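# Reading the structure
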Amino acid sequence: MTNSPIFDRIHRAIEQRKATMQLRSIPQYTDNNFIDLSTNSYLSLHCNASVLENARALTSQKYYGNLASRLVSEQSPLFSVLEQEIASWEQTECALLFNSGYAANVGILQALCTKDTEVFCDRLNHASIYDGIILSGAKLNRYRHCDMKELEERLKASCSKEKLIITDTVFSMDGDRAPLADICTLAKKYNCLIMVDEAHASGIFGNCANGLCEEDGVSDFVDIRMGTLSKSIAGLGGYCAVKSEFRDYFINFCRSFIYSTALPHPVLAHNISAIRFIRANPASGKQLLSMADSFRTGLHELGFSTLDSTTQIVPCLMESEEKALSLSAFLRNNGIIVPAIRPPTVPKGTARLRFSIFLGLTADKQHYILEQIKKWKSSL
Ligand SMILES: Cc1ncc(COP(=O)(O)O)c(C=O)c1O
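As the structure is a prediction and not an experimental result, all values here were calculated from the model.

Here the structure, examined in full by the defined rule, presents five aromatic pairs. On the numbers, 5.8 Å between centres and 20 degrees between planes, the contact of Phe246 with Phe250 is stacked. Of this pair, Phe246 and Phe250 both sit in helix H9 (residues 244-253), four residues apart, roughly one helical turn. The pair Phe246 / Phe250 is uniform in exposure class, with both members buried. Among the aromatic side chains, those forming a connected cluster through ring pairs are Phe246, Tyr249, Phe250 and Phe253. Seen from the ring of Phe304, Lys377 lies directly overhead, with NZ or CZ sitting 5.2 Å from the centre.

So, in structure tokens, the structure goes:
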């Protein structure tokens, strides 16, 4: 081992995280007896018998591992089946598959933007969006969360020729929704491209359950609709639903697409099967949202704020990081898994528990969870 100063820096960073109670660690594997509100499998499709059976049917003839980047050689017919399924679901000309939602955002933004592009980005957008913007060298212009007045002021003041507005449609830590219609109006007025991240909305919102753009009637005004196959779809991968020229461009210029081995065949089979299941059962999302409404009401009755959440993601704001950790540990001891989310993942002073509501969270289970929270509160 050398005496590199990098060792010292790493040691100091970890000690600082420990001192401020912000050290992240990987939770231990737990069995199925817990009520698990930590996953993004909102529709419980990771353990859906019909999704599994249909995925198995797609993999039955031949078993493929993952062998190469798609530009080197396409190793499964299921890539094009999945992309056609997504394009038909999203009602777009075509779709392009990435290895994860993270790889999709980073790759698309790196390819789309240059140092001459100004990107107007909601402050609470996902980290992968920020990473893509940084990688592209574009000018980052962050506007206050969902604040359309400030976005317009920033657009008005901009001299950049190339402008892009980018937003999550459902925000992953606050569970609120972007004002998509207003964003589309501003984009038109100031001649901007629009890209949205539907990670937490696809499978849930809209008549075809393909996302919030559909629900809000703005799909035709959004240039790039990106989504992930790792949340409601409970598989793996990311995608964009776009016109064919964008697809051709991304295939040629997205480094995360070009320089990475593609997804294995069984994962593609699960993704196809889960999307088909969602398309055949598009009302599940509405049912989920109504369950989330009643859980939010329960938290409000106990005196907690759920911020502006109106979706299946229900934050429960805590007074301090210590209290967030304490409630999370108390619930775990009582068979309930809910992560405490703390800075730097969320802004300072907004530590919270993040409840991911899922189909299967019955009224009895909701009642039990709320009772445990009440007990914890009265023990303080
Ligand atoms: C809004 C948003 N976009 C993108 C991603 C990345 O997706 P994936 O987990 O498929 O890489 C996430 C996942 O946490 C997310 O919440």
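After that view of the structure, there is still more to cover.
Attention shifts here to the environment of Phe253. Within the element layout of this structure, Phe253 appears in helix H9. As for Phe253 and Glu74, which are separated by 179 residues in sequence, their C-alpha atoms are 18 Å apart.

A separate point is helix H13 (residues 321-333). In an α-helix, one full turn covers 3.6 residues, which means residues spaced three or four apart are oriented alike. For H13, spanning 13 residues, the distance from its first C-alpha to its last is 18 Å, which sits close to the expected 18 Å at 1.5 Å a residue. If you follow the buried residues of H13, they end up packed against strand S10 (336-337), strand S11 (340-341), strand S12 (352-356) and helix H14 (363-378). With its phi angle positive at about 85 degrees, Gly335 sits one or two positions after the end of H13.

Before going further, it helps to spend a moment on the side chain of Asp197. For Asp197, the position within the fold is in strand S6 (residues 193-197). For Asp197, which is buried and forms no salt bridge, the nearest opposite charge comes from Lys231, at a distance of 8.0 Å. Leaving out residues up to four positions away in the same chain, Asp197 has contacts with Asn105, His126, Ile129, Thr167, Asp168, Thr169 and Met226.

Neighbouring the ligand are 14 residues; Asp197, His200, Thr228, Ser230 and Lys231 lie closest to it. In the model, an oxygen atom of the ligand is placed 2.7 Å from a nitrogen or oxygen of the Thr228 side chain. Protein contacts shield 83% of the accessible area of the ligand, which totals 390 Å² for the unbound molecule. The element contributing the most residues to the shell around the ligand is helix H4 (residues 101-112), with three residues.

A pair of packed helices is captured by two measures, namely the crossing angle of their axes and the spacing between those axes. Taken N-terminus to C-terminus, the directions of H4 and helix H5 (residues 127-136) make an angle of 30 degrees; their axes are 7 Å apart at the nearest point. As the angle between them shows, H4 and H5 are arranged roughly parallel. Regarding H4 and H5, the two cross each other, and that crossing is right-handed. For the pair H4 and H5, contact is made by Tyr102, Asn105, Val106, Leu109 and Gln110 and by Ser128, Ile129, Asp131, Gly132, Ile133, Leu135 and Ser136, respectively.

Scanning the model with the defined rule gives zero disulfides in all. You can see Cys240 has no disulfide; the closest cysteine sulfur is in Cys254, sitting 7.2 Å from it. A relative accessible area of 0% places Cys240 in the buried class.

Moving on: the domain arrangement of the chain. What the domain assignment lists for the chain is domain 1 (28-44 + 283-378) and domain 2 (76-280). When each unit is reduced to the centre of its C-alpha atoms, the spacing between domain 1 and domain 2 is 27 Å. The interface of domain 1 with domain 2 comprises 22 residues on the first partner and 20 residues on the second. Contact between domain 1 and domain 2 buries roughly 1600 Å² in total, counting both sides, with carbon and sulfur atoms accounting for 58%. Here domain 1 and domain 2 share eight residue pairs in polar contact (both at pLDDT 80 or more) between them. Elements that contribute at least two residues to the side of domain 1 that touches domain 2 include exactly helix H12 (284-301), strand S9 (313-317) and S12. Looking at the side of domain 1 that touches domain 2 residue by residue, the classes come out as ten nonpolar, eight polar and four charged.

A word on the pairing of strand S4 (residues 139-143). Of the strand pairs in this sheet, strand S3 (residues 117-122) and S4 are connected by five bridges, and their pairing is parallel. What sits directly across from Asp122, in S4, is Tyr143. Of the crossover connections in this fold, the one passing from S3 over H5 to the parallel S4 is right-handed.

Moving on: unusual backbone geometry. Cis geometry marks the peptide bond from Pro343 to Pro344; its omega dihedral reads 10 degrees. Assignment of secondary structure puts Pro344 in the loop between S11 and S12. Its identity is not glycine, yet Gln91 carries a phi of approximately 55 degrees, on the positive side. Here Gln91 shows up in the loop between helix H3 (78-90) and strand S2 (94-98). You can call Gln91 exposed: its relative accessible area is 56%.

What follows covers the sheet that holds S3. With mixed pairing, the seven strands of this open sheet are ordered in space as S2-S8-S7-S6-S5-S3-S4. Only two strands of the sheet have a single partner each, and these edge strands are S2 and S4. Adjacent strand axes in the sheet meet at a mean angle of 20 degrees when their direction is disregarded. Here strand S7 (residues 224-228) runs beside strand S8 (residues 238-242); their pairing, made up of four bridges, is antiparallel. Bridging from a neighbouring strand, Met226 pairs with Cys240 of S8. Along the sheet, H4 contacts S2, strand S5 (162-168), S6, S7 and S8; its crossing angle with S7, the most-contacted strand, is approximately 155 degrees. Across the sheet, H9 is in contact with S2, S6, S7 and S8; its angle to S2 comes to roughly 25 degrees.

The rules behind the values
Residues numbered from 1 in each chain as written. Predicted model: local features only at pLDDT ≥ 70, side-chain atom pairs only at ≥ 80, totals over all residues. Heavy atoms only, no water. Phe/Tyr/Trp six-rings, centres within 6.5 Å; stacked < 30°, edge-to-face > 60°. Helix = DSSP H or I, 4+ residues; strand = E, 2+ residues; numbered from the N terminus. Buried < 20%, exposed > 50% of the residue type's maximum accessible area, 1.4 Å probe, protein only. Lys NZ or Arg CZ within 6 Å of the ring centre and 35° of its normal. Expected span 1.5 Å × (residues − 1). Contact = heavy atoms within 4.5 Å. Lys, Arg positive; Asp, Glu negative; His and termini not counted. Salt bridge = Lys/Arg side-chain N within 4 Å of Asp/Glu carboxyl O. Near = heavy atom within 4 Å. Polar contact = N/O pair within 3.5 Å; in protein donor to acceptor, adjacent residues only side chain to side chain. Areas by Shrake-Rupley, 256 points an atom, 1.4 Å probe, with all protein chains shown as cover. Axes fitted to C-alpha atoms, helices over the stretch in contact; angles between N-to-C directions. Parallel < 35°, antiparallel > 145°, perpendicular 65-115°, else oblique. Left-handed = near helix turned anticlockwise from the far one by under 90°. Disulfide = S-S within 2.5 Å. Domains from an automatic or database assignment. Buried area = accessible area lost by both parts, 1.4 Å probe. Nonpolar A, V, L, I, M, F, W, Y, C, P; charged D, E, K, R; others polar. Pairing = 2+ DSSP bridges. Right-handed = clockwise from strand over helix to strand, strands pointing away.

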